[in-house]
Structure formats: structure tokens, C-alpha cells
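Examining the three-dimensional arrangement
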Amino acid sequence: MVDNNFKCCGIIGPSGSGKTTLIEQLIPLLMPLKIAVLKHSHHHWIGPESSHKDSKRYMQAGALSSLCVPANMPFEEALRQLLSVGDVSAVIVESFRNAPIPKLLYAPNGLDKEWYLPNGIVAQVGDSVEGVAALRNDPIAIAEWMVKLWERTVQTGNPG
């Protein structure tokens, strides 16, 4: 399980929904927090060419560090590697559906019927999950929501 020495939130959603672009927009909005990004790839091997494309985008947006990991790497191991780089105060996790962290479902255009919903969804952009709070598709509103989520988690130990 993830400890609470830093803030963590997952962003999940279908391929092509705009998760990477959203995270790029969130990073500068969440400063002065020291943001790191952990991306889960559907590939089982990531080489030098494939691993740096999105990581470079995150770093250019102001992330302290970024790590793209293959599909077969466990979440806790990937998180340990990411956090080993230094003093990270917040982690945005892209596409680790089953990570034991609170998640934003980013599906502004909806979900395919085959897309399965994991546990831990606490908010959504779109209206794919009945009973889950819907946020505007606006990076400022999403960044404000993340800060409030992290404040609640620190105060109560529970993101809900």
C-alpha cells in the first residue's frame, strides 16, 4: 500500500481521451508542489525511444521527474523507482487502473462498453459512472479538485 508522505492521484481513461495533455496542463497549475508523474504503458517492454516521449512532455511542463513503466511492472515497484529521484511532494499516476490510490476517470467522450471500471474512482470528467461526482473538463477545476482531495486525504486518511 502507498504511504501518505506525499500526495498521489491516478488519472485513468480510454486511449486517446487526452490524459497526457491534461497532465501536462495540471503540472504547472499544481506548483509549487514538486510533481512527479508515473505512467503505466500497455507495452511489456519500454526502450529508450518509446519511454521518453510522454516523460519529456511532463518534464517540459515542469515535473520534477517522470517515469514510464511497462505493463508487467507492479505499481509499488514503479512508485519506489519514481520516488528515489528526490523530494517529491505529489505524484500524478497515468493509467495504472488497479493502483491502490484515488482515481479520476477522464472520459469526456464516454467509455466503450468493453472498458472495465476499477475500484478507487472518486471523480470523473464525463458521465460514465453513476453516483460518482462529475467535474468540468477544465484543467483549473481539476487541479483545484486534486488539491482538495489531497487535503482531505491528509486530514482524514481517506480520499472520499
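How each quantity is defined
- Residues numbered from 1 in each chain as written.
- Predicted model: local features only at pLDDT ≥ 70, side-chain atom pairs only at ≥ 80, totals over all residues.
- Heavy atoms only, no water.
- Helix = DSSP H or I, 4+ residues; strand = E, 2+ residues; numbered from the N terminus.
- Contact = heavy atoms within 4.5 Å.
- Pairing = 2+ DSSP bridges.
- Axes fitted to C-alpha atoms, helices over the stretch in contact; angles between N-to-C directions.
- Core = buried A, V, L, I, M, F, W, Y, C linked by side-chain atoms within 4.5 Å.
- Buried < 20%, exposed > 50% of the residue type's maximum accessible area, 1.4 Å probe, protein only.
- pLDDT = per-residue confidence, 0-100.
- Phe/Tyr/Trp six-rings, centres within 6.5 Å; stacked < 30°, edge-to-face > 60°.
- Lys NZ or Arg CZ within 6 Å of the ring centre and 35° of its normal.

**Considering the overall build of the protein**
- A tally of helices and strands in the protein yields 5 helices and 7 strands.
- Reading the helices (α) and strands (β) of the protein from amino to carboxyl end gives β-α-β-α-α-β-α-β-β-β-β-α.
- A sequence separation of at least 24 residues applies to 63% of the contacts in the protein between residues at least 6 apart.

**Considerations on the sheet that holds strand S1 (residues 7-12)**
- With parallel pairing, 7 strands are arranged side by side in an open sheet as S3-S2-S4-S1-S5-S6-S7. Strand pairing shows two members of the sheet lacking a second neighbour, strand S3 (65-69) and strand S7 (134-135), which therefore form its edges.
- Packed on one face of the sheet, helix H1 (residues 19-30) meets S1, strand S2 (35-40), strand S4 (90-94) and strand S5 (103-106) and runs near 170° to S4.

**Here's the deal with the nonpolar core**
- Membership of the largest hydrophobic core comes to 25 residues, with the highest contact counts inside it found for Leu 26, Leu 104, Ile 142 and Met 146.
- Secondary structure elements with two or more residues in this core: S1, H1, S2, helix H3 (53-61), S4, S5, strand S6 (121-125) and helix H5 (139-156).
- In terms of residues, this core owes the most to one element, H5, which gives 6 residues.
- Leave out the neighbours within four places in its chain, and Ile 142 touches Leu 22, Leu 26, Leu 104, Tyr 106, Val 125, Leu 135 and Arg 136.
- Ranked by size, the runner-up nonpolar core spans 16 residues in total, among them Met 73, Leu 82, Val 88 and Ile 101.

**Thoughts on the confidence of the model for the protein**
- For the protein, the mean per-residue pLDDT works out to 87, and 86% of the residues sit at or above 70.
- Low pLDDT (under 50) marks residues 44-51, which in the prediction has 10 contacts with non-local residues, meaning those over four places away or in another chain.

**Thoughts on unusual backbone geometry**
- Cis geometry is adopted by the peptide bond preceding Pro 32, which originates at Met 31 and carries an omega value of 25°.
- Along the chain, Pro 32 turns up in the loop between H1 and S2.
- One non-glycine residue, Ser 95, lies in the positive phi region at around 75°.
- Its location among the elements puts Ser 95 in the loop between S4 and S5.

**Thoughts on the packing of aromatic side chains**
- Tallied over the full model, the rule gives 1 aromatic pair.
- Stacked on the ring of Trp 115, the Lys or Arg Arg 97 has its end atom at 4.0 Å from the ring centre.

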